[in-house]
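What follows is the residue order along each chain.
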Amino acid sequence: MRALLALLLTTLPAQAWEAGTDGRLCTLTHETPEASARLTYDPAGPLYTITLTTPLPWPDAPVFGIRFDGPNPIFITTDRHQLSEGGRALTVTDQGFGNVLDGLEFNVTATALTGDTALPLSLDGAAPAVAAFRACTTAPSA
């Protein structure tokens, strides 16, 4: 089933990456029919989060990684991820997301990896939204 999900995600047309605000939070979102990615920045922390939600539960694995492929390849891993929503949402929280934002802005694809699951995401059109997200995170808060 995971292989089918990966195949569907790589053959679907690219969906838009969008930056915005949700109250005081800066947001960066990407929705496809099969998965969603949501990054937030909370200036009160400051704290960044990334949540990847799929229709099927993520495996309960000790390590989560995200690999960015393209002109500026990056591979990031952590053991500080959490599952919620019946295991369908995987969230990582940290005080800095520079490598994640660089990966999203300067590459072609991202692949989320945990256990035996690989979730590819197209980064087509992500760069302008990431730049807008970065601008939001540096704007003075009210």
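For the structure itself, consult the block above.
Quick caveat, the model's predicted, so the values are computed rather than measured. (Residues numbered from 1 in each chain as written. Predicted model: local features only at pLDDT ≥ 70, side-chain atom pairs only at ≥ 80, totals over all residues. Heavy atoms only, no water.)

Focus on the pairing of strand β5 (residues 64-69)
For the record, the criterion: Here, strands pair whenever DSSP counts at least two bridges between them. Each helix corresponds to a stretch of at least 4 residues labelled H or I by DSSP, and each strand to a stretch of at least 2 residues labelled E; elements are numbered beginning at the N terminus.
Pairing of β5 with strand β6 (residues 74-78) involves five bridges; the strand directions are antiparallel. What sits directly across from Phe-64, in β6, is Thr-78. Two elements, β5 and strand β9 (residues 109-114), share six bridges in a ladder whose sense is antiparallel. Of the residues in β9, the one forming a bridge with Gly-65 is Leu-113.

Some points on the nonpolar core
Basically, it comes down to this: What we call a nonpolar core is a set of buried Ala, Val, Leu, Ile, Met, Phe, Trp, Tyr and Cys residues that are connected through their side-chain atoms within 4.5 Å. Exposed residues in this analysis have more than 50% of their type's maximum accessible area, buried residues have under 20%, and partly exposed residues fall in between, with area computed by a 1.4 Å probe over protein chains only.
Ranked by size, the top nonpolar core spans 30 residues in total, and within it Trp-17, Leu-28, Leu-39, Leu-52, Phe-68, Leu-104 and Phe-133 carry the most contacts. Among the elements that line this core, the one with the most residues is helix α3 (residues 126-138), at four residues.

Quick word on the sheet that holds strand β8 (residues 89-94)
For clarity, the threshold we go by: Every axis corresponds to a line fitted to the C-alpha atoms, with the helix fit spanning only the stretch in contact, and the corresponding angles, defined between N-to-C directions, vary from 0 to 180 degrees. We call two residues in contact whenever any of their non-hydrogen atoms come within 4.5 Å of each other.
Read across the sheet, six strands follow the order β1-β2-β3-β4-β8-β7 without closing on themselves; strand pairing throughout is antiparallel. Both outer strands of the open sheet, β1 (17-22) and β7 (81-84), are each paired with one neighbouring strand and no more. In this sheet, adjacent strand axes meet at a mean angle of 20° when their direction is disregarded. With six bridges connecting them, strand β4 (residues 47-53) and β8 associate as antiparallel partners. Among the inter-strand pairings, Thr-53 is bridged to a residue of β8, identified as Ala-89. Its contacts with the sheet place helix α2 (residues 98-105) against β1, β2 (25-31), β3 (36-42) and β4, and it is angled at close to 135° to β3.

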